[in-house]
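# Understanding the architecture of this molecule
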Amino acid sequence: FPGVRQAQWLTKTKLVEGLPPAVQGIMDNPAHGLQELEERVKHAVSHARLWDTAEVAPRREQYCPVLFENLIHICRLMSGKYPSLSKRMLARNCRIAATWERESILLQVRGLSGILMNSMTSIPPVASKEEILATKEHVLETFYPIAPTIDLQEVNVYKELNDTGFRDGYPYSHPHTLFFLESANTRTDRFRPDQLRAKMLMFAFGNALAKAKALHGNEPKVLEQPVVVQSIGTDGQLFQFMVFQLNTTDLISNDGVKNLVWIDSDQNLYEKAQCVPEVKKRVVTKPAGISGFQPDTFKKFLALYLHGTV
């Protein structure tokens, strides 16, 4: 069943391919010195894939989290240049609960929402008021005769819960970016890229909705100040980038203002990691190392990290 297309219907969301101009502008601005970090990123990839193990080749469940920590460390180095970056907190094993009604169906997002970076301040809206109003014209795809909830788990709901996972008064109360590490070693245990993007969308939406309800109450409405939550997913090589903007909590009907999501799919950070040199007839035909490094993929990672601060 189509992952992201189904998630779009469930969350009343219009999809825009690529990253929003606000993020693209950070990537393209030479003042941020993203080029200067390239060698550090290559080193971070080599560390995760080639050096951080006594084994001949590290397994995905080992190198995927190590690569993530290395990339986050490089991002944190920017706080010398932008002190407000220090007003962030990385929370692990965060629980989220968000409830909403879609047509006549009560829906919930509940569970662990990956690694969540919180901020003291919210990310400003990435779509203008005109762009938000223009979503009224967008027609959501239906799956008739298949129900869009066909593969969702049915449970008895005793309490309609909306919970950001954080206590009132927590200083880092704004969800900024969710990170999903698909680090299972066997392919069958990992989400396929489209399934991962659907999961990223559902949890970005869930975090945004829980935050909107905490700020503005449970009454369905078009938000004066939309809530933006980002999401990054990776298996340690391939990256998915997402920026979600919750424009409305009025989700029952297909009419009116829709939410917006920008997705940049299937971006490789590098093509191949040759952990052991390939030798034929005592001649090294392929030396150990990282090949096909894509600096733009890290630039996107860093631009999402810097978004809302610079």
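Worth saying up front: this structure is predicted, and the values here are computed from it rather than measured.

Turning our eyes to something else, we now look at the environment of Val16. Take Val16: it is sitting in strand β1 (residues 13–17). A relative accessible area of 26% means that Val16 is categorised as partly exposed. Distance from Val16 to Ile263, taken between C-alpha atoms, is 6.6 Å for residues 247 residues apart in sequence. Each residue touching Val16, except ones within four places of it in the same chain, is listed here: Leu260, Val261, Trp262 and Ile263.

Next up on the list: the pattern of salt bridges. Taken as a whole and judged by the stated rule, the model has ten salt bridges. One salt bridge in this structure joins Lys199 and Glu182, with 3.9 Å as the shortest N-O distance. Separated by 17 residues along the polypeptide, Lys199 in helix α6 (residues 193–216) and Glu182 in the loop between β6 (174–181) and α6 bring together distant segments of the chain. A residue is classified by how much of its surface remains accessible, and Glu182, at 8% relative accessible area, is buried. Among the ionic pairs, Asp194 bridges to Arg197, the shortest N-O distance being 3.5 Å. Here Asp194 and its partner Arg197 are both found in helix α6, three residues apart, which amounts to about one turn of the helix.

Another aspect to go through is the packing of aromatic side chains. For the structure shown, the criterion picks out nine aromatic pairs. Relative to Phe244, the ring of Phe205 has its centre 5.9 Å away and its plane inclined at 85°; by these criteria the two rings are edge-to-face. On the criterion of sequence distance, the pair formed by Phe205 in helix α6 and Phe244 in strand β8 (residues 238–248) is long-range, its members being 39 residues apart. Of the two residues examined, Phe205 and Phe244, each falls in the buried class. Centre to centre, the rings of Phe239 and Phe301 are 6.2 Å apart; their planes meet at 85°, and the pair counts as edge-to-face. One end of the pair, Phe239, is in strand β8; the other, Phe301, is in helix α7 (residues 295–306), and 62 residues separate them in sequence. What makes Phe301 buried here is its relative accessible area of 2%. Grouping aromatic residues by their ring pairs yields a cluster made of Phe68, Phe179, Phe239, Phe241, Phe298 and Phe301. Sitting over the ring of Phe191, Lys199 keeps its end group 4.8 Å from the ring centre.

Looking at helix α2 (residues 21–28), one finds that the buried residues are Val23, Ile26 and Met27. Along the long axis of α2, the arc covered by the buried residues comes to 100°, so they all point the same way. Across α2 from its buried face, at more than 90 degrees, point the exposed residues Pro21 and Asp28. Turning to α2, the residues buried within the fold contact β7 (222–234), β8 and α7.

Turning our eyes to something else, we now look at unusual backbone geometry. Its identity is not glycine, yet Asp266 carries a phi of approximately 50°, on the positive side. You can see Asp266 is positioned in strand β9 (residues 259–268). The phi dihedral of Lys281 is positive, around 50°, even though this residue is not glycine. Residue placement: Lys281 occurs in the loop between β11 (278–280) and β12 (283–286). Residue Lys281 is classed as exposed on the basis of its relative accessible area, which comes to 82%.

Attention shifts here to the confidence of the model for the protein chain. Averaged over every residue, the pLDDT of the protein chain is 89; the share at 70 or more is 93%. Looking over the protein chain, one finds the lowest element-wise mean pLDDT in β12, namely 79, and the highest in β8, namely 98.

If you walk across this open sheet you meet the seven strands as β1-β9-β8-β7-β6-β5-β2, and the pairing is mixed. In this open sheet, the two edge strands, each paired with only one partner strand, are β1 and β2 (88–91). Between one strand axis and the next, the sheet turns through 20° on average, direction left out of account. Those strands touched by helix α1 (residues 3–11) are β1 and β9, and its axis lies near 140° from that of β1.

Take α7 next. A rise of 1.5 Å per residue sets the reference length of α7, with its twelve residues, at 16 Å; its end C-alpha atoms lie 16 Å apart and thus fit the reference within 8%. With ten of its twelve residues buried, α7 lies for the most part within the structure. Among the residues of α7, those classed as buried are Thr297, Phe298, Lys299, Lys300, Phe301, Leu302, Ala303, Leu304, Tyr305 and Leu306. Looking one or two residues past α7, Gly308 carries a phi angle of roughly 95°, positive in sign.

What counts as what
Residues numbered from 1 in each chain as written. Predicted model: local features only at pLDDT ≥ 70, side-chain atom pairs only at ≥ 80, totals over all residues. Heavy atoms only, no water. Helix = DSSP H or I, 4+ residues; strand = E, 2+ residues; numbered from the N terminus. Buried < 20%, exposed > 50% of the residue type's maximum accessible area, 1.4 Å probe, protein only. Contact = heavy atoms within 4.5 Å. Salt bridge = Lys/Arg side-chain N within 4 Å of Asp/Glu carboxyl O. Phe/Tyr/Trp six-rings, centres within 6.5 Å; stacked < 30°, edge-to-face > 60°. Lys NZ or Arg CZ within 6 Å of the ring centre and 35° of its normal. Arc of directions from axis to C-beta. pLDDT = per-residue confidence, 0-100. Pairing = 2+ DSSP bridges. Axes fitted to C-alpha atoms, helices over the stretch in contact; angles between N-to-C directions. Expected span 1.5 Å × (residues − 1).

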